[in-house]
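Structure at a glance
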Amino acid sequence: MSVNASNLSAFQRFLASESAGGILLMFAAVAALLVANSPLADSYHHLLHLPTGPILSDKLGPMTPHLWINDGLMALFFLLVGLEIRRELVDGRLATWKARRLPALPALMGMAVPAVIYTVLTRSDPLLANGWAIPSATDIAFAMGALALLGRHAPLSLKLLLVAIAILDDMGAVVIIAIFYTSSIDGGALAAAGAIVAILVALNRLRVMSLWPYLIGLALLWYATLLSGVHATIAGVVGAFLIPYIPSTGEQDASDSPDSPLHRLEHALAPWVGFLIVPLFGFVNAGVSFAGLSLSSVLAPLPLGIAAGLFVGKQLGVFGGVLIAVKTGLAAKPAGASWLQIYAMAMLCGIGFTMSLFISGLAFPGHPEFVEEAKIGILLGSLVSAAIACLILRFAPKAGEQAS
């Protein structure tokens, strides 16, 4: 039976756009690798680091396309992440403690186990210790893109669980960036950011529903955060929780209140983030040269630690978390999914592309050689995780065809 597109729930529309954006991100990553290993490589790197703007922060120096994308446009990505997190926690799939039981433990273990594996494999070099969080993140766009390619071979319950885990994973990544990747603080700028937050809270209390005062406040909050020493993208997540939200009155996720500023902003941002900002970030950051690459360089502590963290750590942590939650009675097993399919979904969480690339840039400031090595590990771990997970899901028997 066909379903009219207008009758799709907001969550189903979200899945569709996220999947399409993930597929586009794949093409952007491949394009970056091709350019970085072609005669255009020098021009590619020169353009990314060409001074193109004023000095907004003494710490960053002159702005470049690379900085505009990573510190500017990615703040919009984090704003959208924050809007989605808030909506899901208040009015969506994570609105109740019961709904949070199943994804909570695998999300936590899926961040902790990769970090432990990375730390063990890189313990011989203290300079690498700061990269422990790189394999802890899941790229929801890439993972949903992979699931979209599988179509009916991936049960809806797995997609819902993957999204829920990734949302909690993003929350953890934001906390990690704010706490562990902030080197020095400018008290005056941080106080200014606090004052802007207070003004936005007051606008909420006064029930100001026009978006433009909040957009001005978000821009000022971004700049104050940039000057404070806290990574500017954190302003996006904080700002998301300051946008007024009117929950839908109908079935969960069935309709968005047209009067809700959060819904209006989320729907306006989603296509720009999914189809421009994230693919652009991937193209700018995924370009790594394979010249001189050997097995010994791939098996060096840094790339090996990241690849093993993503491929081994994520599947162990996420699948172990689901298994413990179900077997202890904490939560019910995803409906219509076999354990083999759940295991493949856990492996898909090892696609850490966007967040992992982002964190690698924060983890090794002043060490571009480490960032390049990290990219190799991220690409390897993500690629192997995606390929094997998709093969398992493609050929795994459905829940009704085997004992579950």
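Every chain's residues receive numbers from 1 upward, in the order its sequence appears when written. For a predicted model such as this one, the threshold for reporting local features is a pLDDT of at least 70, and the threshold for listing and counting side-chain atom pairs is 80 or more; totals across whole chains, interfaces and linings nevertheless cover every residue. Only heavy atoms go into the side-chain values, all of them from the structure, while hydrogens and water stay out.

Per an unreviewed UniProt entry, the recorded name for the protein chain is Na(+)/H(+) antiporter NhaA, and the organism is Massilia arenae. Reading the Function (unreviewed entry) entry of the UniProt record for the protein chain gives the comment "Na(+)/H(+) antiporter that extrudes sodium in exchange for external protons." UniProt positions are given in the numbering used here, feature names are shortened, and annotations may be inferred rather than shown by experiment. UniProt's Catalytic activity (unreviewed entry) comment on the protein chain is quoted here verbatim: "Na(+)(in) + 2 H(+)(out) = Na(+)(out) + 2 H(+)(in)".

**A few points about the overall build of the protein chain**
A tally of regular secondary structure across the protein chain gives 15 helices and 0 strands. Throughout, exposure labels follow a simple rule: accessible area from a 1.4 Å probe, protein chains only, divided by the maximum for the residue type, with under 20% read as buried, over 50% as exposed, and the rest as partly exposed. Here the protein chain holds 404 residues, and 55% of them are scored as buried. Here a residue-residue contact requires only that any non-hydrogen atoms of the pair lie within 4.5 Å. At a minimum sequence separation of 6, the contacts of the protein chain that also span at least 24 residues come to 80%. A run of H or I in DSSP counts as a helix once it spans at least four residues, and a run of E counts as a strand once it spans at least two, with each numbered from the N terminus.

**Remarks on the side chain of Asp169**
By the secondary structure assignment, Asp169 is in helix α6 (residues 156-180). Given a relative accessible area of 1%, Asp169 falls into the buried group. With sequence-adjacent residues up to four places away left out, Asp169 is seen in contact with Ala107, Met111, Ser136, Ala137, Thr138 and Lys314.

**Some words on the nonpolar core**
Among the nonpolar cores identified, the biggest contains 122 residues, and Phe77, Phe78 and Met345 are the most heavily contacted of them. Ranked by residues supplied to this core, first place goes to α6 with 13 residues. For Phe77, the residues in contact, after removing those within four places along its chain, are Val273, Ile277, Val278, Thr354 and Met355. Put simply, buried Ala, Val, Leu, Ile, Met, Phe, Trp, Tyr and Cys residues joined by side-chain atoms within 4.5 Å make one nonpolar core.

**Looking at the pattern of salt bridges**
When a carboxyl oxygen of Asp or Glu is within 4 Å of a side-chain nitrogen of Lys or Arg, the pair counts as a salt bridge. What the rule picks out here adds up to 4 salt bridges. For Glu266, the salt bridge goes to Arg87, with nearest N and O atoms at 2.6 Å. Taken together, the residues span a long stretch of sequence, with Glu266 in helix α10 (residues 261-285) and Arg87 in helix α3 (residues 65-91) at a distance of 179 residues. Each member of the pair Glu266 and Arg87 is classed as buried. With a shortest N-O distance of 2.7 Å, Asp169 and Lys314 are connected by a salt bridge. One end of the pair, Asp169, is in helix α6; the other, Lys314, is in helix α12 (residues 301-327), and 145 residues separate them in sequence.

**Points about the packing of aromatic side chains**
When the centres of two rings from Phe, Tyr and Trp lie within 6.5 Å, Trp using its six-membered ring, the rings pair. Their planes under 30 degrees apart give stacked, over 60 give edge-to-face, and anything left gives tilted. Going through the model one piece at a time under the given rule, you end up with 9 aromatic pairs. For the ring pair Trp132 and Phe180, a centre distance of 5.2 Å and an interplane angle of 90° mean the geometry is edge-to-face. Residue Trp132 is located in the loop between α4 (97-121) and α5 (140-150), and its partner Phe180 is located in helix α6; the two are separated by 48 residues in the primary sequence. Note on Trp132: relative accessible area 21%, which makes it partly exposed.

**Re the environment of Leu25**
The residue Leu25 is located in helix α1 (residues 10-36) in this model. As for Leu25 and Ala141, which are separated by 116 residues in sequence, their C-alpha atoms are 7.7 Å apart. Residue contacts for Leu25: discarding those within four places in its chain leaves Asp139, Ala141, Phe142, Val278, Pro279, Gly282, Phe353 and Thr354.

**A short note on helix α8 (residues 212-228)**
The end-to-end C-alpha distance of α8 is 24 Å, a good match for the 24 Å that 17 residues give at a rise of 1.5 Å each. Residues Pro213, Tyr214, Gly217, Leu218, Leu221, Trp222, Ala224, Thr225, Leu226 and Ser228 constitute the buried set of α8. If you follow the buried residues of α8, they end up packed against α3, α7 (187-205), α9 (234-240) and α10. The positive-phi residue at the C-terminal boundary of α8 is Gly229, with phi of around 105°. A helix is expected to reach a length of 1.5 Å times the quantity of its residues less one.

**Topic: the packing of α4 against α6**
For helices, the fitted axis covers only the stretch in contact; all axes are lines through C-alpha atoms, and the angles between them, taken along N-to-C directions, range from 0 to 180 degrees. Two numbers describe how α4 lies on α6: the axes approach to 9 Å, and their chain directions differ by 50°. Put simply, α4 runs oblique to α6. Crossing of α4 over α6 shows right-handed handedness. Contacts from Leu102, Pro103, Ala104, Pro106, Ala107 and Met111 in α4 reach Leu161, Ala164, Ile165, Leu168, Asp169, Gly172, Ala173 and Ile176 in α6. Looking at the contact of α4 with α6, its residues break down into 12 nonpolar, 1 polar and 1 charged. These descriptions rest on fixed angle ranges, namely under 35 degrees for roughly parallel, over 145 for roughly antiparallel, 65 to 115 for roughly perpendicular, and the rest for oblique. The hand of a helix crossing depends on one turn: near helix anticlockwise from the far one by less than a right angle means left-handed, and clockwise means right-handed. Each residue is assigned to one of three groups, with Ala, Val, Leu, Ile, Met, Phe, Trp, Tyr, Cys and Pro labelled nonpolar, Asp, Glu, Lys and Arg labelled charged, and all others, Gly among them, labelled polar.

**Some details on unusual backbone geometry**
For Arg207, which is not glycine, the phi dihedral falls at a positive 60°. By the element assignment, Arg207 lies in the loop between α7 and α8. Looking at Arg207, the relative accessible area reads 58%, which means it is exposed.

**Re the packing of α12 against helix α15 (residues 368-395)**
Packing of α12 against α15 brings their axes to within 7 Å, and their N-to-C directions diverge by 30°. Judged by the inter-axis angle, α12 sits roughly parallel to α15. The way α12 lies across α15 gives a crossing that is right-handed. Each of Leu302, Pro303, Ile306, Ala307, Leu310 and Phe311 in α12 lies in contact with α15, whose residues at this interface are Phe370, Glu373, Ala374, Ile376, Gly377, Ile378, Leu380, Gly381, Ser382, Val384, Ser385 and Ile388. Grouping the amino acids of the contact of α12 with α15 by side-chain chemistry returns 13 nonpolar, 4 polar and 1 charged.

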